[in-house]
Amino acid sequence: MSDSSTAPETVGFIGLGHMGHGMAKNIVEKGYGLTVVAHRNREPVTDLVGRGAVEAASIGELAERSSVVFLCVTGSPEVEAAVRGPEGLLARLKPGSVVVDCSSSDPSSTVRIAAELKARGIDFADAPLSRTPKEAWAGTLDTMVGADDAVFARLQPILATWAGKIVHIGGVGDGHRMKLLNNFISLGYGAIYAEALALADRVGISADRVDQVIRGGRMDCGFYQTFMRFTLEGDREAHKFSLANAFKDLRYLESMANAAGLVNPVGNAVKNAYGTAIAAGGAEDYVPMLPAYIDRLNGGKGD
């Protein structure tokens, strides 16, 4: 844990959504000077200012106040806008600063942005996340980091304010590459769970009976448990990862596979399961709601 006497870095945070709010809360509460900027929802900003953060009027002002800036936004288009805008990070950060992208981004975009920043004397790291907003608030997220050794060493104390598991994967871009692999596995589980539950319902086996077989066995895991908390209890807060974000990450995975010259038929099948839900209007629904869309695709009511 850091305190104000051992925390010379001044931190900026862009993207105070489900994950970012909790991460930023831990940064400021553990001794770092924090600057934040509002987007659509002012509630996280008001909360963080009450905890000691400072609100900037723009990304440019945030950049001027910060030696390390975290981004936790939807994906590469939003990262690129924050970095390259006329009042963005590229124009206003001082040489010697670091930008840390915690979003699930396209690695090819990550590498390009890192090169642009490096030309201005600014370092870059990708530190995407795993786990849920509950762990973000508790300061126990997982993160997989792409950065050179010196930048990683500099960032590690700040990362430790909100992460319980920090893995240095490799150089710039490797964190985002690993994140796509991680999400391919987890979202693949989600697609399998959804199809299995839809089929179970068709053949007269309840979700509760399915759960009695799987829970506590070799196929149980944390992802399964949060997925099923919605299925069994109707808890919308259990697994707040949107179908739109799932589809986006699987499209990034497809692009990465294409660039690597790898045919990935399973990845494309998983992507299409989520794409079907998006086409049916499910973009803002969460991953555990996918079984209803599988059911509708097969002529059911999706109840």
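Procedures and definitions
- Residues numbered from 1 in each chain as written.
- Predicted model: local features only at pLDDT ≥ 70, side-chain atom pairs only at ≥ 80, totals over all residues.
- Heavy atoms only, no water.
- Helix = DSSP H or I, 4+ residues; strand = E, 2+ residues; numbered from the N terminus.
- Buried < 20%, exposed > 50% of the residue type's maximum accessible area, 1.4 Å probe, protein only.
- Contact = heavy atoms within 4.5 Å.
- Arc of directions from axis to C-beta.
- Pairing = 2+ DSSP bridges.
- Salt bridge = Lys/Arg side-chain N within 4 Å of Asp/Glu carboxyl O.
- Axes fitted to C-alpha atoms, helices over the stretch in contact; angles between N-to-C directions.
- Left-handed = near helix turned anticlockwise from the far one by under 90°.
- Nonpolar A, V, L, I, M, F, W, Y, C, P; charged D, E, K, R; others polar.
- Parallel < 35°, antiparallel > 145°, perpendicular 65-115°, else oblique.
- pLDDT = per-residue confidence, 0-100.
- Polar contact = N/O pair within 3.5 Å; in protein donor to acceptor, adjacent residues only side chain to side chain.
- Phe/Tyr/Trp six-rings, centres within 6.5 Å; stacked < 30°, edge-to-face > 60°.

## A few points about the environment of A127
Reasoning step 1: Structurally, the position occupied by A127 is in the loop between β6 (123-126) and β7 (129-130).
Reasoning step 2: On the basis of relative accessible area, A127 is assigned to the buried category, the value being 0%.
Reasoning step 3: In this structure, the C-alpha to C-alpha distance between A127 and D101, residues 26 residues apart in sequence, is 5.8 Å.
Reasoning step 4: Not counting residues within four places of it along the chain, the set of residues in contact with A127 comprises V100, D101, C102, T143, M144, V145, L159 and W162.

## Some details on helix α4 (residues 76-84)
Each α-helix winds once per 3.6 residues, and so residues spaced three or four apart point in a common direction.
Reasoning step 1: Considered for burial, the residues of α4 that qualify are S76, V79, A82 and V83. Buried residues along α4 cover an arc of 125° about the axis, so they all sit on one side.
Reasoning step 2: Buried positions along α4 lie against α3 (59-65), β4 (68-71), α5 (89-92), β5 (98-101), α6 (107-118) and α12 (243-260).

## Considerations on the pairing of β5
Reasoning step 1: By the alternation rule, side chains of β5 split into V98 and V100 and V99 and D101, which are all buried.
Reasoning step 2: Of the pairings in the sheet, the one linking β5 to β6 comprises four bridges and is parallel in character. What sits directly across from V99, in β6, is F124.

## What about the pattern of salt bridges?
Pairs may arise between side chains of opposite charge once their charged atoms sit close together.
Reasoning step 1: Applying the stated criterion to the full structure yields 19 salt bridges.
Reasoning step 2: The shortest N-O distance in the salt bridge between E29 and R51 comes to 2.5 Å. Of this pair, E29 sits in helix α1 (residues 20-29) while R51 sits in the loop between α2 (43-50) and β3 (54-56), placing them 22 residues apart in sequence.
Reasoning step 3: Judged by its relative accessible area of 31%, R51 falls in the partly exposed class.
Reasoning step 4: Across the salt bridge formed by D249 and K248, the nearest N and O atoms sit 2.7 Å from each other.
Reasoning step 5: The class of K248 is buried, set by a relative accessible area of 8%.

## So, the packing of α12 against helix α13 (residues 265-279)
How two helices sit against one another is set out by the angle between their axes and by the gap between those axes.
Reasoning step 1: At a closest axis distance of 9 Å, the pairing of α12 and α13 adopts a crossing angle of 150°. Of the two possible hands of crossing, α12 and α13 adopt the one that is left-handed. Touching L243, A244, A246, F247, L250, R251, L253 and E254 of α12 are G267, N268, V270, K271, Y274, G275, A277 and I278, all from α13.
Reasoning step 2: Here the residues of the contact of α12 with α13 sort into 10 nonpolar, three polar and three charged.

## With respect to the packing of α13 against helix α14 (residues 290-297)
Reasoning step 1: Following both chains from N to C, one finds α13 and α14 inclined at 80°, their axes separated by 9 Å at the closest point. By the angle between their directions, the pair α13 and α14 is classed as roughly perpendicular. Residues A273, Y274, T276 and A277 of α13 form the contact with α14, whose participating residues are L290, Y293 and L297.
Reasoning step 2: Its residues assigned to classes, the contact of α13 with α14 shows six nonpolar, one polar and no charged.

## Comments concerning the confidence of the model for the chain
Reasoning step 1: Mean pLDDT over the chain: 94, with 97% of residues reaching 70 or higher.
Reasoning step 2: With pLDDT under 50 throughout, residues 1-7 is counted as low confidence; its partners more than four residues away or in other chains account for 11 contacts.

## Concerning the side chain of N26
Reasoning step 1: Position of N26 relative to the elements: it lies in helix α1.
Reasoning step 2: From its side chain, N26 meets the backbone oxygen of W137 in a polar contact 3.2 Å long.
Reasoning step 3: In this view, N26 contacts A136, W137, A138, G139, T161 and W162; residues no more than four positions away in its chain are not counted.

## Points about unusual backbone geometry
Glycine aside, residues mostly have negative phi, and peptide bonds are mostly found in the trans state.
Reasoning step 1: Although it is not a glycine, R131 sits at a positive phi angle of roughly 100°.
Reasoning step 2: Counting through the fold element by element, R131 comes out in the loop between β7 and α7 (133-138).

## Here we look at the packing of aromatic side chains
Reasoning step 1: Per the stated rule, a full pass over the model turns up seven aromatic pairs.
Reasoning step 2: A ring pair is formed by F70 and W162, whose centres lie 6.2 Å apart and whose planes are at 85°; its orientation type is edge-to-face. Residue F70 is located in strand β4, and its partner W162 is located in helix α8 (residues 149-162); the two are separated by 92 residues in the primary sequence.
Reasoning step 3: Taking relative accessible area as the criterion, F70 reaches 0% and is therefore assigned buried.
Reasoning step 4: Among the residues examined, W162 registers a relative accessible area of 0% and is labelled buried.
Reasoning step 5: A ring pair is formed by Y193 and Y224, whose centres lie 5.3 Å apart and whose planes are at 80°; its orientation type is edge-to-face. Separated by 31 residues along the polypeptide, Y193 in helix α9 (residues 174-202) and Y224 in helix α11 (residues 222-233) bring together distant segments of the chain.

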